Each structure stands twice: as C-alpha cells, then as structure tokens.
Amino acid sequence: MSELDDRLNTAFEKPATKRVAVFGLGYVGLPVAGALASRGFEVIGVDVAQRIVDVINTGKIHIVEPDLDMVVQAAVSAGKLRATLKPEAADAFIIAVPTPFTDGHKPDVSYVKAATKAIAPLLRKGNLVILESTSPVGTTEQIRAWIGEMRPDLILPQAEREDADIHIAHCPERVLPGSVLRELVDNDRIIGGISPNCAEYAAALYRSFVRGEMHLTNARTAELAKLVENAYRDVNIAFANELSLVCDQLDVNVWDLIGLANRHPRVNILSPGPGVGGHCIAVDPWFIIAAAPEATPVIRAARAVNDAKPDRVFDKVKAAAGRLRSPVIACLGLSYKADIDDLRESPALHIVEKLAKEKIGELLVVEPNVRQLPPSLQGAAGVRLAELREALAAADIVLLLVDHRQFKRIDRDLLKPKITIDTRGVWR
Ligand code: SAJ
C-alpha cells in the first residue's frame, strides 16, 4: 500500500460519518447506493422521479434485480439510505444517470449535464465527483468544464496539477443485469481520474465495497474502455448471428457448428440469438462510431447485423406460418434476455410486434416475468398473454425468443408434433 493509500484509508475509516450522494436511482445507481449504505456511509439517493423516491423511502424497489430489495430495505430501515428529489451537500457525489442516444445515434449527455449542474453549487473543498454512467470520451472533462463555469472560486483538477480543491473521476459501471449485486462487489473496476490524485481518491471510495481490483488510469481511457467492452461483445455476437444466417442457407446446425469450432483452443464464438437488446450493448458502440466514424467500419457493420437479426427471425416465422391455415403461434419470451423483466430494446418484443402488425397468425405470448402485455401489444387483434401450458397445447408453431429457465424445462415430446423455431438453441 502506498503512503497515499494509507492516508485515504484513514480518511474513509469512519464511513458512518461520511455522506455520499448518488444521482440517478436506476439499475446502476440504486445498487451502488445500497452497497455504500451497507458499508456504513450515509447515502442520499437523488432522482427526478417522485414515484421512485417514494418507493425507495418505503424500503422497496422499482426494478427487478435479485436480492436488491433486501439490500435497499436494510439500508432504508437502518437510516443509511434516503431518497430525495432535492440535491444535498455530501463528501462524494456519484452520477449514475442514463446516457441514451438521439435519433441520429449521437450520444445524449444532457442528464449528466443536469446532474452536474445540480451538484456544482453544493461543492466544497475536498469533495469528490464520480461519473459512473457509460459516456462518450471527453464527458468527464466536460463535467470539469461545467463545474468551472458555475464555480470559478474552486481550483479544478488537471492532469499535471495536484493542488485542486475537488477531485473528478470516471468509474464506469460494469455490472450485468440479473447479477448486479455479485458483479458490483466482485468485478474489477477501471478508475479514470482527471489527475492521478483524483483516481486515487475515487479508488479509496470503491475499495469500501469492491473486492475486485482497482485499475487506475486517466478519464478518457476509462471512458473508452467501457465503450470498447460493450462494442467487443456486440461485434462478437454479430459474428455468431451472421453464422446463423450462413448455416440456414447451407443447412448446417449453427449450434453444433459453434460447439465444434469452440473446441479449438483459440476460438470462442458467442451464441446467436434473435438480436441484441438492452440499453447498453445496442447503444454504446454508437458512441465510438459517433466519435470516429471513418475508423469504425467493423463496429458499424456489427450493429447493422445485430439490428437486422429480428427481421430475419420474422421472415422465418412468416414463411412457416404461410404454409398453414389459421396458424396459432406460441411466442415464448418478450424480455431482452433470460430471466429478467426488462423489455427495453428487446428483439423478442420487436419480433412479436411485427408479427402482430402484419397479422401473422394468432399469437399466444408467454412471458413469465411480466403480468401484462406491454402497451405496444395491448389491444392488438389476435394477441394475448397466455400460460406456457396452454400456449404449447394450442400452438402449431412454437417460437422460442428468450431462453428463460421455464422454457428450458419444456418436455421435448410436447414439441414433436409442432413446428419449432428456436432462436436461442435451447432445444437442439
Ligand atoms: N446476447 C446474444 N448472444 C450472446 C450473448 C448475448 O445474443 O452470446 C444478447 C442477449 O440476449 C441480449 C444482448 O445480447 O439481448 C445483451 O446481453 P448481455 O447479457 O450480453 O449484456 P447486457 O446488455 O445485459 O450487459 C452488458 C454487459 N457488458 C458486457 O458483458 C461486456 C455488462 O457487463 C455491462 O455493465 C452492461 O452491458 C452495461 O450496463 O453497459
């Protein structure tokens, strides 16, 4: 441990007296707030939605994530976590707000700007500002500029200067929805400081609840590292999805093929599916493309392949249905991946919406993680939410869109008389 580490650990040795304000109480901010509260920090969760603030203050949560309810309930009842609409002073501020893209696939950092502008008037000497949101390269420096406009009285950090009044760093979130609490603690963290000192201060805070290693770097590298992680995955899923189309044409089972190719010691092909969903992998590669459009043909092509995959699945279902009179289609799964309720950017949902719009048969939708159809499907003619058993009994075509655990357990004999379209390779 360096002398500085010693100093920082001393600074944080009485976490019960330290306040951290977390801006944005969503899939990332809420678990971080819970983790800090469970380590004894006094945590103020700031959100713009009254409903979210109210739910959290009753010790409940507004999202589905295993065990998060228990962590939040314990933190709220111990008086360590409190949600509010109104920003309050703290020792450290963590920004965990959405960074979507605009219609033209350009990054929209307006929520980060709004959070920064709310934090700036509250800043005192010694404070730490951390950006967790996945952000385009340069956003952390932009935060410094926004603070500078509002607080000319503060000495702001610079790469080569260590006499700053406050510290600013980017610590990108890396947690996998569905395993957030485990990954929050176990994953390594990349900590990108505006200056080395900033990174050290941020690392000291994360060390309070992270068991993974801290990798200190500058803010720009940390920003790009996060984007690259998700773009890497997108490109590799695109390769698998492209293979699935090749295999359809050549009458080869893509799952057998990938299983065999992956026996090579240096080959590890991911799984094809109905497309790439969620709010990260389908979004973040665009931040790299927007920053360097001429230099990113591979990343752009991967986006195109993955975005086109739902329509290829639709074509397959349409062709199968076209051979039947009044086909009944069991559509298994709506979420963007297995065993969660998140429908954002879901390829499964896109496929079912298109089948409904083009009136391709009667659709019995099975989604064990939701209680009602999403608005886009509510009231659509010939579409309803059904129980798995009923849908399997009635269907001519069984379309597997999400590999939920309930679907993996389906008795294969029930499927024998049906036409099956398995986009996830569960029943191979
Ligand atoms: N998918 C496939 N084939 C695969 C793997 C995934 O089709 O072999 C599909 C999934 O079904 C889903 C999509 O890709 O539709 C994305 O799912 P995912 O489980 O790969 O990732 P996310 O979006 O839930 O979470 C990712 C993670 N990033 C990486 O694994 C590099 C997570 O660690 C990040 O924190 C998260 O993005 C984020 O918030 O950025």
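These numbers were taken from a predicted model, which means no experiment stands behind them.

A. Seen up close, helix H8 (residues 196-206). Here H8 lies mainly inside the structure; 10 of its 11 residues are buried. Turning to H8, its buried residues number three or more, namely Asn197, Cys198, Ala199, Glu200, Tyr201, Ala202, Ala203, Ala204, Leu205 and Tyr206.

B. A look at unusual backbone geometry. In the Ramachandran plot, Asp67 falls in the positive-phi region, its phi being about 70° despite a non-glycine side chain. Considering the arrangement of structural elements, one finds Asp67 in the loop between helix H3 (50-57) and helix H4 (68-77). Its identity as a non-glycine residue notwithstanding, Asp251 has a phi of 55°, on the positive side. You can see Asp251 is positioned in the loop between helix H9 (219-250) and helix H10 (254-261).

C. Broad picture of the pairing of strand E8 (residues 214-218). In terms of strand pairing, strand E7 (residues 189-193) meets E8 through 5 bridges, oriented parallel. Note on E8: the bridge partner recorded for Gly192 is Thr217. Following the backbone out of E7, through H8 and into the adjacent parallel E8, one traces a crossover that is right-handed.

D. Just the sheet that holds strand E2 (residues 42-46), in detail. With respect to topology, 8 strands assemble into an open sheet ordered E3-E2-E1-E4-E5-E6-E7-E8, the strand pairing being mixed. Two strands lie at the open edges of the sheet, namely strand E3 (81-84) and E8, each paired on one side alone. Strand-to-strand twist of the sheet, defined as the mean angle between neighbouring strand axes without regard to direction, takes the value 25°. Across 4 bridges, strand E5 (residues 128-131) lies against strand E6 (residues 167-170) in parallel orientation. Looking at the pairing, Leu128 lines up with His167 of E6. Of the strands in this sheet, strand E1 (19-23), E2, E3 and strand E4 (92-95) touch helix H2 (residues 29-38), which is tilted by about 170° from E1.

E. The arrangement of the pairing of strand E12 (residues 397-400) in detail. Both faces of E12 are covered, namely the face carrying Ile397 and Leu399 and the face carrying Val398 and Leu400. For strand E9 (residues 328-332) and E12, the ladder comprises 4 bridges, and the chain directions are parallel. Bridge pairing in E12 links Leu332 to Leu400. Two elements, E12 and strand E13 (residues 419-422), share 4 bridges in a ladder whose sense is parallel. In the sheet register, Val398 faces E13, and the bridge partner there is Thr420.

F. The side chain of Glu173, seen in detail. Checked against the element boundaries, Glu173 lands in the loop between E6 and helix H7 (180-186). Relative accessible area serves as the criterion here: at 10%, Glu173 is assigned to the buried category. Discounting residues that sit within four places of it in the chain, Glu173 has contacts with Val28, Glu132, Thr134, Arg189 and Lys226.

G. Molecular detail of the confidence of the model for the protein. On average, residues of the protein score 94 in pLDDT, and 96% of them reach the 70 mark or higher. Low pLDDT, under 50, characterises residues 1-17; the stretch is placed with 23 contacts to residues that sit more than four places away or in other chains.

H. Inspection of the layout of surface pockets at higher detail. Roughly 550 Å³ of internal volume is contained in the second largest pocket. Around the second largest pocket sit 27 residues that line it, and Asp248, Trp255, Lys316, Ile421 and Asp422 are the ones nearest its centre. Every element with two or more residues in the lining of the second largest pocket is listed here: H9, H10, helix H12 (297-322), helix H16 (412-415) and E13. Considering only residue class, the lining of the second largest pocket consists of 12 nonpolar, 7 polar and 8 charged.

I. Region of interest: the site of the ligand. Neighbouring the ligand are 21 residues, the closest being Glu173, Lys226, Arg233, Ser271 and Tyr336. Between the ligand and the protein, one listed contact pairs an oxygen atom with a backbone N or O atom of Gly277 at 2.9 Å. Taking Arg424, its side chain carries an N or O atom lying 2.7 Å from an oxygen atom of the ligand. Relative to its unbound accessible surface of 770 Å², the ligand loses 88% to contact with the protein. No other element matches the 5 residues that H9 contributes to the shell around the ligand. Looking at the shell around the ligand residue by residue, the class counts come to 9 nonpolar, 4 polar and 8 charged.

J. Representation of the packing of aromatic side chains within the structure. Applying the stated criterion across every chain yields a total of 2 aromatic pairs. With a centroid separation of 5.8 Å and 50° between ring planes, the pair formed by Tyr206 and Phe209 is classed as tilted. For the residue pair Tyr206 and Phe209, the accessibility class agrees, reading buried in each case. Cation over ring: Lys354 sits above Phe314, and NZ or CZ is 4.8 Å from the ring centre.

K. Representation of H12 in the model. Its 26 residues place the ends of H12 37 Å apart at the C-alpha level, agreeing with the 38 Å of an ideal helix rising 1.5 Å per residue. By the burial criterion, the buried members of H12 are Ile299, Ala302, Arg303, Asn306, Lys309, Pro310, Val313, Phe314, Val317, Ala320 and Ala321. Buried residues belonging to H12 abut H9, helix H11 (284-291), E9, helix H13 (347-357), E12 and E13.

L. Seen up close, the environment of His279. Tracing the sequence through the fold places His279 in the loop between H10 and H11. Since its relative accessible area comes to 25%, His279 is described here as partly exposed. Between the C-alpha atoms of His279 and Leu343, which are 64 residues apart in sequence, the distance is 9.6 Å. For His279, the side chain forms a polar contact with the side chain of Arg344, separated by 3.3 Å.

How each quantity is defined
Counting from 1, residues in each chain are numbered in the order their sequence is written. Only residues with pLDDT of 70 or above have their local features reported here, since the model is predicted, and side-chain atom pairs are shown and tallied only from 80 upward, although totals for entire chains, interfaces and linings are computed over all residues. To get the side-chain values, all heavy atoms of the structure are used, and hydrogens and water are removed first. With a 1.4 Å probe rolled over the protein chains alone, any residue whose accessible area is under 20% of its type maximum counts as buried; one over 50% counts as exposed, and the rest are partly exposed. In this description a helix means any DSSP run of H or I spanning at least four residues, a strand means any run of E spanning at least two, and both kinds are numbered starting from the N terminus. Strand pairing is defined by DSSP finding a minimum of two bridges between the two strands. Whether a crossover is right-handed depends on one test, that the path from the first strand over the helix to the second runs clockwise when the strands point away from the viewer. Orientation is described by lines fitted to C-alpha atoms, with helices fitted over the stretch in contact, and by angles between N-to-C directions that extend from 0 to 180 degrees. Two residues form a contact once any of their heavy atoms are found within 4.5 Å. Each residue carries a pLDDT score, the predictor's confidence in it, ranging from 0 to 100. Points on a 1 Å grid over protein atoms alone make up a cavity when a 1.4 Å probe fits among them but cannot get out, and a pocket when they form an open set with protein on both sides within 12 Å along at least five of seven lines; lining residues each have an atom within 4 Å of a point. Grid points are joined across faces, edges and corners, and a volume is the space filled by probe spheres set on the points. Basically, the charged four are Asp, Glu, Lys and Arg, the nonpolar ten are Ala, Val, Leu, Ile, Met, Phe, Trp, Tyr, Cys and Pro, and anything else, Gly included, counts as polar. We call a residue near a molecule or strand as soon as one heavy atom of that residue lies within 4 Å of the molecule or strand. Throughout this description, a polar contact denotes any pair of N or O atoms lying within 3.5 Å of each other; where both atoms belong to protein, one of them has to be capable of donating a hydrogen while the other can accept it, and for residues adjacent in sequence the pair is counted only when both atoms sit in side chains. The accessible surface values rely on the Shrake-Rupley method and a 1.4 Å probe; as for residues, cover is taken only from the protein chains in view. Two rings from Phe, Tyr or Trp (for Trp, the six-membered ring) form a pair when their centres sit within 6.5 Å of each other. Planes less than 30 degrees apart are called stacked, planes more than 60 degrees apart edge-to-face, and all others tilted. Consider the ring centre and the ring normal. A charge sits over the ring if Lys NZ or Arg CZ is within 6 Å of that centre and within 35 degrees of that normal. Expected span, for any helix, means 1.5 Å times one less than how many residues it has.

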